[in-house]
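For reference, the chains in residue letters:
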Amino acid sequence: KKTIAVITSGGDAPGMNACIRAIVLTANRFGHQVIGFKHGYNGLIENEKVLLSPFDVQHTIQLGGTILKSARCLAFTTDKGLIAAVENLNKNEVDALVVIGGDGSLRGLDRLQKHWDGQVIGVPGTIDNDLNGTDNTIGYQTAIDTALDSIDKLRDTADAFERIFLVEVMGRHAGFIALASAVASGAEQALFPESIDDPHTELESIVQHVECLRQVKGKSSIIMVIAEHLWPGGVSDLAETLTNQIGIECRPCILGHIQRGGAPVAYDRILATKLGSYAVEIINEGQSGVMVGEINNRQCAHKLNYVYSEQKELDPYLVKIQQNLFDVVQCLNLSK
Ligand code: F6P
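Here the residue index of a chain counts from 1 through its sequence in written order. Where local features are concerned, this predicted model is filtered to residues with pLDDT of at least 70; where side-chain atom pairs are given and counted, the filter is 80 or more; whole-chain, interface and lining totals use all residues.

**Some points on the sheet that holds strand β8 (residues 222–227)**
Strands belonging to one sheet form pairs held by backbone hydrogen bonds; the direction of such a pair is parallel or antiparallel. Spatially, the four strands line up as an open sheet ordered β7-β8-β6-β9, and their pairing is parallel. Of all strands in the sheet, those bounded by a partner on one side alone are β7 (189–191) and β9 (250–254). Geometrically, the sheet is characterised by an average inter-axis angle of 20 degrees between neighbouring strands, direction not taken into account. One ladder, built from five bridges, connects strand β6 (residues 164–169) with β9; its direction is parallel. Counterpart to I164 in the pairing with β9 is C250. Strands in contact with helix α6 (residues 176–185) are β6, β7 and β8; relative to β8, the strand with the most contacts, it is inclined by about 165 degrees. Pairing between strands is defined by DSSP: at least two bridges between them are needed. Numbered from the N terminus, helices here are DSSP runs of H or I no shorter than four residues, and strands are runs of E no shorter than two. Fitted lines through C-alpha atoms serve as axes, helices being fitted only where they are in contact, and the angles separating the N-to-C directions of these axes extend from 0 to 180 degrees. Note on contacts: each residue gets a C-beta atom placed from the backbone, and two residues are in contact if those atoms are within 7 Å.

Here you go:
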């Protein structure tokens, strides 16, 4: 019988509770004890812990956020913080630590495993979907639907006023949410880091694109979905520049942390339940130093440094069709 510790770390993601629940229920079935440390790695450093029984996780599968709270933890990047965390893991006789989080949290876990003898298992929990070793991260599908809901609403007002809307979505340095929400909402343009080398040289083609869409294709409203951190000065700056250059009202809209909240969609609840259960199963097998994931509907486990080292590739077909559907070259040919 083992003692399994679990934390949720970094940006919270819908489905984290479903994952905690699955870990607790599966562990309980095997007779293991589960301790939750609160506020991410801070809880490990401060020894802020709670015992988690099946009773504690009942009726949590549908809840957004995380019952264990989350945080980013600067202290954990220092040697002092790391040593305190290791001491508390040993003091509580923890055999295995499960971290549900994104890129930064799994890097932290990789560092921890070099200084602690217990088993360490990562679970991909982030709306950004920017981890290798899994097709989807927990929270990503919910975030797309949340962004989509807002973009659909913006379309109504954009169309009524015949305006251009620039919608900024999250994703850290990856374009997963931007691309998916753009395709699903029928947005006329998607700008994300994987498709743009230098935003400064991009302005002319954006202007040309907008003019083609209006004059040639007769678009009364235009939605541009833009990944965060992409445009120097942000979407408000770009909206102002475009308004001046094109002479049509452009409005910025930053969706922000709304994308992190809400009840997880069914896909995320199911993925979280599978990955939480699988994490406990591979702890039983004695595995360590890996992140659990799902590729083509099959559970898998990849080394921690693999999942965060390389930039994860966007679906190339989706990138291609988003560009083709509103192709500016074809648009220019039509106008001849
Ligand atoms: O990683 C999740 C995420 O929501 C990113 O999309 C975003 O860049 C970041 O976290 C925002 O972080 P914070 O909540 O600390 O502002």
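Picking up where we left off.
**Some details on the packing of helix α1 (residues 16–29) against helix α9 (residues 266–284)**
Packing of α1 against α9 brings their axes to within 7 Å, and their N-to-C directions diverge by 40 degrees. By the angle class used here, α1 and α9 are oblique. Pair α1 / α9 crosses with right-handed handedness. Between α1 and α9, the contacting residues are A18, C19, I20, A22, I23, T26 and A27 on the first element and R269, A272, T273, L275, G276, S277, A279 and V280 on the second. Split by residue class, the contact of α1 with α9 holds ten nonpolar, four polar and one charged. Any angle that falls under 35 degrees is termed roughly parallel, while one over 145 is termed roughly antiparallel, one within 65 to 115 roughly perpendicular, and all others oblique. Helix crossings fall into two classes, left-handed where the near helix is turned counterclockwise from the far one by less than a right angle and right-handed where it is turned clockwise. When residue character is reported, Ala, Val, Leu, Ile, Met, Phe, Trp, Tyr, Cys and Pro are called nonpolar, Asp, Glu, Lys and Arg charged, and the others, Gly included, polar.

**Regarding the UniProt feature "domain: Phosphofructokinase" (unreviewed entry) in the protein**
The feature "domain: Phosphofructokinase" (unreviewed entry), as given by UniProt, occupies residues 4–283 in the numbering adopted here. Between the end C-alpha atoms of residues 4–283 the distance is 9 Å, and the span holds 43% helix and 16% strand. UniProt positions are given in the numbering used here, feature names are shortened, and annotations may be inferred rather than shown by experiment.

**What to know about the nonpolar core**
One finds C19, I23, V98, V167, V225 and I226 to be the most contacted residues of the largest nonpolar core, which totals 99 residues. For this core, the element with the highest residue contribution is α1, accounting for eight residues. Among all residues touching V225, those that are not within four sequence positions of it are I151, V167, V169, A178, S181, A182, A187 and A190. Connectivity within a nonpolar core runs through C-beta atoms within 7 Å, and the core itself is a set of buried Ala, Val, Leu, Ile, Met, Phe, Trp, Tyr and Cys residues. Each residue is classed by its C-beta neighbour count within 10 Å, where at least 20 other C-beta atoms makes it buried, 12 or fewer makes it exposed, and intermediate counts make it partly exposed; the C-beta atoms are placed from backbone geometry.

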